[in-house]
Amino acid sequence: LELIKPSTAGQRLGAPESFGVSTLEPGLRPPAQPPGRQISIRVQMLDDTQEVFQISQRSPGKVLFDLVCAHLNLVEGDYFGLEYQDQRKMMVWLDLLKPTVKQIRRPKNTILRFVVKFFPPDHTQLMEELTRYLFALQIKHDLACGRLICNDTSAALMVSHIIQSEIGDYDETQSWQHLLHNKYLPDQDALRDKIIDCHRKNVGQTPAESDYQLLEIARRLEMYGVRLHPAKDREGTKLSLAVAHTGVLVFQGYTKINAFNWSKIRKLSFKRKRFLIKLRADPQNAHHDTLEFAMASRDCCKIFWKICVEYHAFFRLFEEPKPKPKPVLFTRGKEKKGEHRGEKHSKILSNSSMSPQSSSFRSQVPKEVTHTHTHTHINTNKHYYVFLYSLQYGSPSSSADSPLASAHVLVNGTGSVNGQATASTGIPGQSPDGRLPSPLTSPLLTEAGYVRTDDEDEARRKKFPTDKAYFIAKELLTTERTYLKDLQVITESFQSVVGTDEALPDSVRNLISTNYDPVYKFHQGFLKEVEQRLAQWEGRSNAHIKGDYQRIGDILLKNIQGLRQLTVHLQKHSECLVELERASRSSRRLETLCRDFEQQKACYLPFNIFLLRPLHRLLHYKLILERLCKHYPPTHDDFRDSRAALAEISEMVLQLQGTMMKMENFQKLLELKKDLTGIENLVIPGREFIRLGCLSKLSGKGLQQRMFLLFSDSLVYTSRGMTPSNQFKVHGQLPLYGMTIRESEEEWGVPHSFTLFGQRQSVVVAASCASEMERWVEDIRMAIDLAEQSSSPHADLLSTSLTDSKLSEDGGAEQESEEELCGSRSSLERHGHRGNTTMHVCWHRNTSVSMVDFSVAVENQLSGNLLRKFKNSNGWQKLWVVFTNFSLFFYKSHQDDYPLASLPLLGYSVTVPSESENIHKDYVFKLHFKSHVYYFRSESEYTFERSMVSCSGSGHVKTCSRFLTTC
């Protein structure tokens, strides 16, 4: 008897065998990879076949994942993941952000498994037959290995549908032989007759219908999609924890004995081997608001905590309790997370502290699929992993009031000094009582300058389109305007100030103009096309002409194809950055010219950031197109062009991703170098910046605040110096090679402390809170691993004239007076040094940021009009606001060449106003730090959610990660 082999996915969908898996969509192209030595990675598919993929050793996990999805021609890859057994013999998920080779120590001996990671409650949310087929294969695997526990009837029914899918209609001999040669259940023999009876009833079912029926039965089972994590309760009873779309589940054996909905959970955390679930206050149960479970190890806790974070980020509830919640949910260690709550103007709103990071993700703003017939919302975004990584970080509490808590008027050149205003800005001088004015001293930013636009704005909003695609297109327009202004800083401002001086070598001048001018010219035309299309969409021009103008994908496709012709120029931008830095090092005059240029109003960011803008903009196009494609149904007229444009820009991003990551690291090292004194050889090949921020160092004089900088080879600690520019003075360096780390809370009696044991010295430090400690410890351990993998330790960073023994440990940092700090120009700026650099903001806010934070902040850049209101004012003022580099920059309009004020967001919280604040307007969010409060109002739900994302992406990581789930 010839046995019928189960059909493959490609055969199921009618594809020729040589073509592999096929769907109705065009074939997916494999992603481009960064240069480097190729390694082979073996992946086991859901049909138990194995494929070998070649990736660059520098490729992040996402490249491998995308290769697998491209091999399968899988569009809905969001539900899947790659898992493997690590060196601890524990099953873990491949982190799509981190390099694959740094996670898989022995790639030749490791087999990754491509499996379903997120199980939706309703399989009808799966759009493609291929996706449902892969889910059916996962159910088949879970049944066979005994993970999907169910009663005999359900088991027999499911196996009958599997057989119907594989061999077709019932045939007595064939079905019996098929069951003899294939194992679907651990105890299959006892159920064989029952399976045959069920199979007999499936006559006429197609494979797709069989998959549907299989998933319909499976989704109703208690163990559907459940992975058990062994634990014990406080009494030592053996239990298991699991996570599902609804929340955290507790099992005893295979029986669910408790479930904690996301709406009931206030905070999730772990400490060593203890996993903690803190519940919201319940009037009916005043006890046991914190549940504690013991797991086998800290690693087990961390693995389960992380999958909880990921599940909560992927699934979220539409409706939750009405009482005002406290701003916490997920924590790393004891880190707090925000929580969702309903508001009249948004289905999903959150309340938490801001931080720089989330989200992955390289974050990315998640795409969404909404089904009105279900109460669960799914973020089906291939790149959600970016902000998930950032969820590992929390928001430290601020220690003292800081000038950076309030918005500062920018004075890069001609602003007021010591409260005396220049005529060009109209900034008032001192008040009659002799005090310096508020930091927001521009008429634009004061009560006197308010323009009350409520009625006008309401009328205007009602006239304009309400389709989400329109607001996505409008985001393209507003951010393109800002991008063109940023290019103008290079092509016009820099060229006119520095480019005309003989100190700039001709080779560098020509290199910059040759490779930026064509890009600027191209985007001028691009912007005009977008402006014209939006005007047609809004009906402001040629309204009488009937045409298909309510779309943007065609313009994006045309211009992205045109942008590909400029790839040769984009590839040269990294060379421009390197050559300009090299020329500045060899010419004191050029260095001074560049420093002076950065003090001009138009150069509102470090100039090197502008040089990287074209590479960052490619990423923005990709994120916009992903949101657009997720919004459109496949039948929409604009879907095909949008999808094609997304494929084009994705290829460009992957092609230039390696260059972008290198240049971001290079730019950050250059920026830190300007803030430090007493350090040499900071910028060398192979050194990577990882984290900077405040820790307290324990010495003979007690705990003293220090600024620590973590690199891939060393840890440097500094304090605010007494130099004219208030640079940070280096006190010491700890090489990471051979370093060990140990928690020291009990040893020294200092909360959140840990000891760093170096080869030459040991240092005891303390973080401001548990979450800060977790972030530092994890990053330092990762950096130690990097250093151990390096062939040899890097050279000393310290100047030869400065050794640890000669440095004063007093700190002796000269603090600026409150008047100077809150004035429109600080002493830092008076000495030609920016006072709002990331390092200085972290010092004042007693917090830290990592390179991952910077990467996520890049993705969350946004521009557009917002209405702004102060705490005690009545009217709303319309401003053009740019979110970038952890700050808000305020303009009167998008046509302005420079911002009038800025607000650094590190440490700020982003929330929605409470009822008691009497903000009776839609789409309002609130920024606050201690006593500083600002309200901002958006024109639509989409722009409200995007603004929340960008604010939190520009602020502190925890908020970024939380609000990325709303858009």
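Residues numbered from 1 in each chain as written. Predicted model: local features only at pLDDT ≥ 70, side-chain atom pairs only at ≥ 80, totals over all residues. Heavy atoms only, no water.

Points about the overall build of the protein chain
Defined as follows: Strands here mean DSSP runs of E at least two residues long; helices mean DSSP runs of H or I at least four residues long; both are numbered from the N terminus. A simple rule labels every residue: compare its accessible area, found with a 1.4 Å probe on the protein chains alone, to the largest value its type can have, and call it buried under 20%, exposed over 50%, or partly exposed in between. Each accessible area is a Shrake-Rupley result for a 1.4 Å probe, and residues are judged covered by the shown protein chains and nothing else.
Along its length, the protein chain carries 27 helices and 33 strands. Taken over 967 residues, the protein chain has a buried fraction of 60%. Accessible area of the protein chain: about 38600 Å², with a carbon and sulfur share of 50%.

What about the sheet that holds strand S5 (residues 111-116)?
Put simply, the test is: Strand pairing follows a simple DSSP-based rule, namely that at least 2 bridges must link the two strands. Axes here mean lines fitted to C-alpha atoms, for a helix over just the part in contact, with angles spanning 0 to 180 degrees between N-to-C directions.
Spatially, five strands are ordered S2-S1-S5-S3-S4 in an open sheet, and the strand pairing comes out mixed. Edge positions in the sheet fall to strand S2 (50-56) and strand S4 (91-93), since each of these pairs with one other strand and no more. Pairs of neighbouring strands in the sheet enclose a mean axial angle of 40°, with direction left out of account. Bridge count between strand S1 (residues 38-44) and S5: three bridges; the pairing is parallel.

Describing the pairing of strand S11 (residues 274-279)
Regular strands place their side chains on alternate faces of the sheet. Two strands pair when backbone bridges link them, and strand S10 (residues 265-271) and S11 are joined in this way by six bridges, in the antiparallel orientation. Looking at S11, one finds that Lys271 is bridged to Arg274. Linking S10 to S11, which pair antiparallel, is a turn of two residues; within it Arg272 sits at a positive phi near 55°. In this structure, S11 lies alongside strand S12 (residues 290-294), joined through five bridges in antiparallel fashion.

Some points on the state of the cysteines
This is how the line gets drawn: The definition used for a disulfide is geometric: two cysteine sulfur atoms within 2.5 Å.
All told, the structure shown has zero disulfides when counted by the stated rule. Of all cysteine sulfurs, the one in Cys603 lies closest to Cys594, which takes part in no disulfide; the gap is 9.6 Å. Residue classification places Cys594 among the buried positions, given a relative accessible area of 15%. Cys694 takes part in no disulfide bond, and the closest cysteine sulfur to it belongs to Cys842, at a distance of 6.9 Å.

Examining the nonpolar core
The tendency in soluble globular proteins is for nonpolar side chains to be buried side by side. We count it as follows: Take the buried Ala, Val, Leu, Ile, Met, Phe, Trp, Tyr and Cys residues and link them wherever side-chain atoms come within 4.5 Å; each set so joined is a nonpolar core. Contacts: residue pairs with any heavy atoms within 4.5 Å of one another.
Ranked by internal contacts, the top residues of the largest apolar core, which has 92 residues, are Val43, Phe80, Phe114, Leu134, Phe275 and Ile277. For Phe80, the contacting residues outside a window of four places in its chain are Leu46, Phe65, Leu74, Phe114, Val115, Val116, Lys117, Thr131, Leu134 and Phe135. In terms of nonpolar packing, the next biggest core, distinct from the first, is built from 76 residues, Leu556, Phe597, Cys603 and Ile609 among them.

Things to note about the packing of helix H14 (residues 553-564) against helix H19 (residues 639-675)
Put simply, the rule reads: By definition in this entry, angles of less than 35 degrees are roughly parallel, angles greater than 145 are roughly antiparallel, angles of 65 to 115 are roughly perpendicular, and the rest are oblique. By convention the crossing between two helices is left-handed if the near helix lies anticlockwise of the far one by an angle smaller than a right angle, and right-handed if it lies clockwise.
Two elements in contact, H14 and H19, have axes separated by 8 Å at closest approach and are oriented at 25°. By the angle class used here, H14 and H19 are roughly parallel. Crossing geometry of H14 relative to H19 is assigned as left-handed. Every residue of H19 that contacts H14 at Gly553, Asp554, Leu556, Leu557, Ile560, Gln561, Leu563 and Arg564 is listed here: Asp641, Ser642, Ala644, Ala645, Glu648, Ile649, Glu651 and Met652.

What about helix H5 (residues 152-167)?
Keep this limit in mind: Each residue after the first adds 1.5 Å to the expected span of a helix. Pairs of N or O atoms within 3.5 Å make up the polar contacts considered here, provided that, within protein, one atom can donate a hydrogen while the other can accept it, and that residues adjacent in sequence are counted only when both atoms are side-chain atoms.
Between its terminal C-alpha atoms H5 stretches 22 Å, which fits the 22 Å expected from 16 residues at 1.5 Å a residue. Residue Asn151 occupies the N-cap position of H5, its side-chain oxygen lying 3.3 Å from the main-chain nitrogen of Thr153. The first or second residue beyond H5 is Gly168, which carries a positive phi of 90°.

Considerations on the pattern of salt bridges
Counted only if it meets this: For salt bridges, the criterion is a side-chain nitrogen of Lys or Arg within 4 Å of an Asp or Glu carboxyl oxygen.
According to the stated counting rule, one finds 48 salt bridges in the structure shown. Residues Asp95 and Lys306 are paired through a salt bridge, measuring 3.4 Å at the closest nitrogen-oxygen approach. Here Lys306 lies in helix H9 (residues 298-314) and Asp95 lies in the loop between S4 and helix H3 (100-103), a separation of 211 residues in the sequence. Take Asp95: its relative accessible area is 8%, and that puts it in the buried class. One salt bridge in this structure joins Arg509 and Asp506, with 2.4 Å as the shortest N-O distance. You can see Arg509 and its partner Asp506 sitting in helix H13 (residues 506-538), three residues apart, about one turn around the helix. Residues participating in the shared-partner salt-bridge network are Arg533, Arg551, Asp554, Asp638 and Asp641.

Things to note about the packing of aromatic side chains
Using the following cut-off: Geometry of aromatic contacts follows a simple scheme: Phe, Tyr and Trp rings, the Trp one being its six-membered ring, pair when their centres are within 6.5 Å, and the pair is stacked under 30 degrees between planes, edge-to-face over 60, tilted otherwise. Think of it as a cone above the ring: NZ of Lys or CZ of Arg counts as a charge over the ring if it is within 6 Å of the ring centre and within 35 degrees of the ring normal.
Counted by the stated rule, this structure contains 35 aromatic pairs. Ring geometry for Phe118 and Phe315: centres 6.3 Å apart, planes at 70°, overall edge-to-face. Highlighted residues: Phe118 in the loop between S5 and helix H4 (129-144) and Phe315 in strand S13 (residues 315-317), separated in sequence by 197 residues. Here Phe118 and Phe315 have matching classes, each one buried. Members of the aromatic cluster, each reached through a chain of ring pairs, are Phe65, Tyr79, Phe80, Phe114, Phe118, Phe119, Phe135, Tyr224, Tyr311, Phe314 and Phe315. When the ring centre of Trp776 is taken as origin, the NZ or CZ atom of Arg691, which lies over that ring, is 5.9 Å away.

Considering the environment of Gly864
Structurally, Gly864 can be placed in strand S27 (residues 862-870). For the pair Gly864 and Lys474, spaced 390 residues apart in the sequence, the C-alpha separation amounts to 8.9 Å. With residues near it in sequence (within four places) discarded, Gly864 still touches Thr478, Leu879, Trp880 and Val881.

Notes on unusual backbone geometry
Of note, Asn73 is a non-glycine position whose phi angle comes to about 55°, a positive value. Looking at Asn73, the relative accessible area reads 7%, which means it is buried. The backbone of His752 shows a phi angle near 60°, a positive value even though the residue is not glycine. Topologically, His752 is positioned in the loop between helix H20 (745-748) and strand S24 (753-757).

Focus on the pairing of strand S9 (residues 255-261)
Examined bridge by bridge, strand S8 (residues 247-252) and S9 share six bridges and lie antiparallel to one another. Paired with Val248 across the strands is Phe260, a residue of S9. Hairpin connection, S8 to S9: the antiparallel pair is bridged by two residues, and Gly253 has positive phi, about 70°.

Concerning the confidence of the model for the protein chain
Keep this limit in mind: Confidence per residue, as judged by the predictor, is encoded in pLDDT with a range of 0 to 100.
With 73% of its residues at a pLDDT of 70 or more, the protein chain has an overall mean of 77. Confidence over residues 1-27 falls short of pLDDT 50; this stretch has 48 contacts with residues more than four positions distant or in other chains. Scored below 50 in pLDDT, residues 954-967 makes 101 contacts in the model with residues more than four places away or belonging to other chains.

Notes on the packing of helix H16 (residues 573-586) against helix H17 (residues 588-598)
Between two packed helices, both the angle of their axes relative to each other and the distance between the axes serve to describe the pair. Selection criterion: Residues are grouped as follows: nonpolar covers Ala, Val, Leu, Ile, Met, Phe, Trp, Tyr, Cys and Pro; charged covers Asp, Glu, Lys and Arg; every other residue, Gly included, is treated as polar.
Remark: H16 packs on H17, axes separated minimally by 5 Å, with the N-to-C direction vectors making an angle of 120°. With respect to H17, the element H16 is oriented oblique. Only Arg588, Leu590, Glu591 and Cys594 of H17 make contact with H16, whose side of the interface consists of Leu580, Ala583, Ser584 and Ser586. In the contact of H16 with H17, the residues fall into four nonpolar, two polar and two charged.

Concerning H14
With 12 residues, H14 should reach 16 Å at 1.5 Å per residue; the first-to-last C-alpha distance of 16 Å fits that figure. Every buried residue of H14 is accounted for by Gly553, Ile555, Leu556, Leu557, Asn559, Ile560 and Leu563. Packing partners of the buried residues in H14 comprise helix H12 (468-497), H13, helix H15 (567-570), helix H18 (607-631) and H19.

Observations regarding a nonpolar patch on the surface
To be explicit about the condition: Within this analysis, patches are made of residues with over 30% relative accessible area and no salt bridge. Like charges are joined at 9 Å or less; nonpolar side chains (Val, Leu, Ile, Met, Phe, Trp, Tyr) at 5 Å or less.
A surface patch of nonpolar side chains, about 250 Å² in accessible area, is lined by Ile149, Leu228 and Tyr254. On the secondary structure map, Tyr254 appears in the loop between S8 and S9.

Let's talk about the environment of Leu628
Summarising the element assignment, Leu628 is placed in helix H18. Each C-alpha atom of the pair Leu628 and Phe471 lies 9.9 Å from the other, and the pair is 157 residues apart in sequence. Apart from the residues lying within four places of it in its own chain, the contact partners of Leu628 are Ala469, Ile472, Ile552, Leu556, Asp638 and Ser642.

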